[in-house]
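Structure at a glance
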Amino acid sequence: MRKVILLALLTMGFTLSVHAQEADKQKTVIELPQWVKDIKISGYGMLQYQFQNPNEKSENTFNLRLMRLIMDGKISDFAWRVQMQGSSNAGPGNPTVMLVDLYAEWQKYEFFKVKAGQFKRAFTFENPTHPITQGWYSYANVINSLSGFGDRSGEKASGGRDIGVQIQGDFLKNSEGRNLLHYQIGVYNGEGINQKDKDNKKDIIGGVWFMPVKGVRIGAFGWTGTRGDMYWIDGDGTRHDIGSVRKNRYALSAEYDLNQYTFRAEYIHSQGWGATKVDSREVDFSKGDKADGFYVFGIVPVIKSKLHAKARYNTYRPSKEWSTSKTMYEIGLNYFFNKNIQINAEYAFVNDRSLAKHNYNFADIQFCFRF
C-alpha cells in the first residue's frame, strides 16, 4: 500500500512540474518597441466668459473656447505629432471638431530639420505660441487677420496652419553654447487648414531671427503666395471668377522672454485683396488691397509663478487707413493655481472706427487647464 501511495505522489509531482513549466512558457513578456514607449498623450481646455457693449448693446456669454487632445512621439530621428481640436469657432451651438496638426519632422541635425504635413506657418513670433502661455484672451488682432487665423484672405480659421514642407535650424553658437541665429522657410498650399491647393500655386514663407543675448529675439519674416478660386459679385448680382488673388506680406518682430518677464512687439504689412468674411472666396474690393497692424505687450510677475500682471496695445487696420482701425487698450491679471491650472482675466477699452459709436468696453475671463 505504501508503494502505491508513494507512486501516486511521485506521479502527481511530476504532472504539476510539467504544468508549471508549460505555464512559465505561456508567461512570455511582450517587449513594446521604443517608439510606442515614447508616445506621450496630453491636452488642454479653455473655458471662457466674455462681455462687450459695442454700439451700446450689451452682450455676454459663456463659451468653450478650445479643447485639444495631443499625441506626440518619436521614431529614430523623426518626431511626430497628431492634434485634434474641439471649439465653438462656427458660433454658439455649432461646435467644430477638426484635425489641427499632423506632421513628422526629421531632427537629426540641429542646424537642418525638415518638417512635412500640417503645422504652423513660419510667420511671426506669436503665431506658434501656445494659446495658454500666450497669456491673452486671443492672439493680437493683426495676427488673427494676417497670419492665417481668421485671415483677411477669407480662408477658414486655421490657427495659423497650412499643409506643406518646411526646413529650419539653429546655428552659430557662442562661447556658452547658445545658438545666435535661427532660420525657417516653408512651401505651403496657401489655402489653410485641411484644404487642398485650389490653383496649383504655392505660398512661400520664411523667417530669420538673431538672438544676441539670452531671452532676446529680433526677427523678420516674408510671405508671398496666392489664394485660388476667388470671385467677386457686381452691383447687378452677377458673379465674376477671378481665379488667384496674390498675398504679399512681411513682419518685423522683437521679443524679450526670460524669468517670467515677457515683452513682445510685432508689425505686419499685407498687400493683396481681401475677402468679404472668413471662410469665403468672395473678394471685397471696398477694403482696398493693403492692410497692416501691430501690437506691443508686457507680462511681468507680481508674485513669481503665482500672479502676473499684463498690458497690451493692439491695433489692426483692414484698409491701412486709421478711419478703418480697431484698437484695443488692454490690462489684466493671470493667476496660477499650479503649473497646469490658471485663470486669465482682462479688461479692454476698444476704439473701433468701423462702428457708429467708436468706443466700447470689453472684458474676458478664461479658466485654462492642461493634462
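Criteria and cut-off values
Residues numbered from 1 in each chain as written. Predicted model: local features only at pLDDT ≥ 70, side-chain atom pairs only at ≥ 80, totals over all residues. Heavy atoms only, no water. Helix = DSSP H or I, 4+ residues; strand = E, 2+ residues; numbered from the N terminus. Contact = heavy atoms within 4.5 Å. Areas by Shrake-Rupley, 256 points an atom, 1.4 Å probe, with all protein chains shown as cover. Lys, Arg positive; Asp, Glu negative; His and termini not counted. Charge placed at Lys NZ, Arg CZ, Asp CG, Glu CD. Phe/Tyr/Trp six-rings, centres within 6.5 Å; stacked < 30°, edge-to-face > 60°. Buried < 20%, exposed > 50% of the residue type's maximum accessible area, 1.4 Å probe, protein only. Lys NZ or Arg CZ within 6 Å of the ring centre and 35° of its normal. Pairing = 2+ DSSP bridges. Core = buried A, V, L, I, M, F, W, Y, C linked by side-chain atoms within 4.5 Å. Salt bridge = Lys/Arg side-chain N within 4 Å of Asp/Glu carboxyl O. pLDDT = per-residue confidence, 0-100. Polar contact = N/O pair within 3.5 Å; in protein donor to acceptor, adjacent residues only side chain to side chain.

A closer look at the overall build of the protein
Across its full length, the protein holds three helices and 16 strands. Expressed along its principal axes, the backbone C-alpha trace of the protein runs to roughly 115 × 55 × 50 Å. Counting only contacts in the protein whose residues sit at least 6 apart along the sequence, the fraction spanning at least 24 positions is 55%. A total accessible area of about 19,700 Å² is found for the protein, and carbon and sulfur atoms account for 62% of it. Considering the protein, the positive charge centre built from 48 side chains and the negative charge centre built from 38 side chains are found 6 Å apart.

Some words on the packing of aromatic side chains
Tallying each qualifying case throughout the model produces 24 aromatic pairs. Summarising the aromatic geometry, the rings of Y103 and F119 are spaced 6.0 Å apart at their centres and angled 80° between planes, so their arrangement reads as edge-to-face. Of this pair, Y103 sits in strand β4 (residues 96–109) while F119 sits in strand β5 (residues 112–120); the two residues are 16 residues apart in sequence, bridging distant segments of the chain. Both residues of the pair, Y103 and F119, count as buried. Taking 5.5 Å as the distance between ring centres and 35° as the angle between the ring planes, the aromatic pair formed by F294 and Y313 counts as tilted. One end of the pair, F294, is in strand β12 (residues 290–303); the other, Y313, is in strand β13 (residues 307–317), with 19 residues separating them in the sequence. Residue F294 is classed as partly exposed on the basis of its relative accessible area of 29%. Judged by relative accessible area, Y313 falls into the partly exposed class, the value being 25%. Taken together, the ring pairs in this structure connect F123, F125, W209, F221 and W223 into an aromatic cluster. Taking NZ or CZ as reference, R239 lies 3.8 Å from the ring centre of Y231, over its face. The ring of W223 has R249 sitting right over it, with the charged end atom 4.7 Å from the ring centre.

Quick word on the pairing of strand β9 (residues 216–233)
The pairing of strand β8 (residues 203–210) with β9 spans seven bridges and is classified as antiparallel. Paired with W209 across the strands is G219, a residue of β9. Once β8 ends, the chain turns through five residues before running back antiparallel as β9, passing G215 with a positive phi of about 90°. With 16 bridges connecting them, β9 and strand β10 (residues 239–258) associate as antiparallel partners. The partner of W223 across the bridge, within β10, is R249. Hairpin geometry of β9 and β10 is characterised by an intervening segment of five residues between the two adjacent antiparallel strands and by a positive phi of about 85° at G237.

Observations concerning the nonpolar core
The biggest cluster of nonpolar side chains holds 25 residues, and the ones touching the most others in it are F123, V142, I143, I205, F221, I268 and Y295. For this core, the elements supplying multiple residues, two or more each, are α3 (141–146), β8, β9 and β12. Looking at this core, the element that brings in the most residues is β12, giving four residues.

Re the pattern of salt bridges
Considering all chains together, one arrives at 19 salt bridges under this definition. Here D72 ties to R81 by a salt bridge, and the two come within 2.7 Å at their closest N and O atoms. In this structure R81 comes out as partly exposed when scored by relative accessible area, which is 23%. For R281, the salt bridge goes to E191, with nearest N and O atoms at 3.0 Å. With R281 in the loop between β11 (261–271) and β12 and E191 in the loop between β7 (179–188) and β8, this residue pair connects regions lying 90 residues apart in the sequence. Pair check on accessibility: R281 and E191 agree, each one buried. Three or more residues joined by partner-sharing salt bridges are found here, namely E126, R217, E255 and R264.

Here's the deal with the environment of K113
By the secondary structure assignment, K113 is in strand β5. Sequence separation between K113 and F78 is 35 residues, and the spatial gap between their C-alpha atoms is 9.6 Å. Sequence-distant contacts of K113, defined by excluding residues within four places in its chain, comprise E105, W106, Q107, Q166, I167 and Q168.

Focus on unusual backbone geometry
In this structure, E56 is a non-glycine residue whose phi angle is positive, near 60°. When you line up the elements, E56 lands in the loop between β1 (40–52) and β2 (59–75). Positive phi, normally seen in glycine, also occurs at S305, with a value near 65°. With respect to the helices and strands, S305 occurs in the loop between β12 and β13.

Looking at the confidence of the model for the protein
Per-residue confidence for the protein averages 91 on the pLDDT scale, and 90% of its residues sit at or above 70. Contacts of residues 1–16 to residues separated by more than four positions or lying in other chains number zero contacts, the stretch itself having pLDDT below 50.

Section: the side chain of Q366
Structurally, the position occupied by Q366 is in strand β16 (residues 359–370). Note on Q366: relative accessible area 1%, which makes it buried. Of the polar contacts made by the side chain of Q366, one reaches the backbone oxygen of Y137; its length is 3.0 Å.

Some words on the environment of S87
Positionally, S87 belongs in strand β3 (residues 78–87). Separated by 24 residues in sequence, S87 and N63 have C-alpha atoms that sit 9.0 Å apart.

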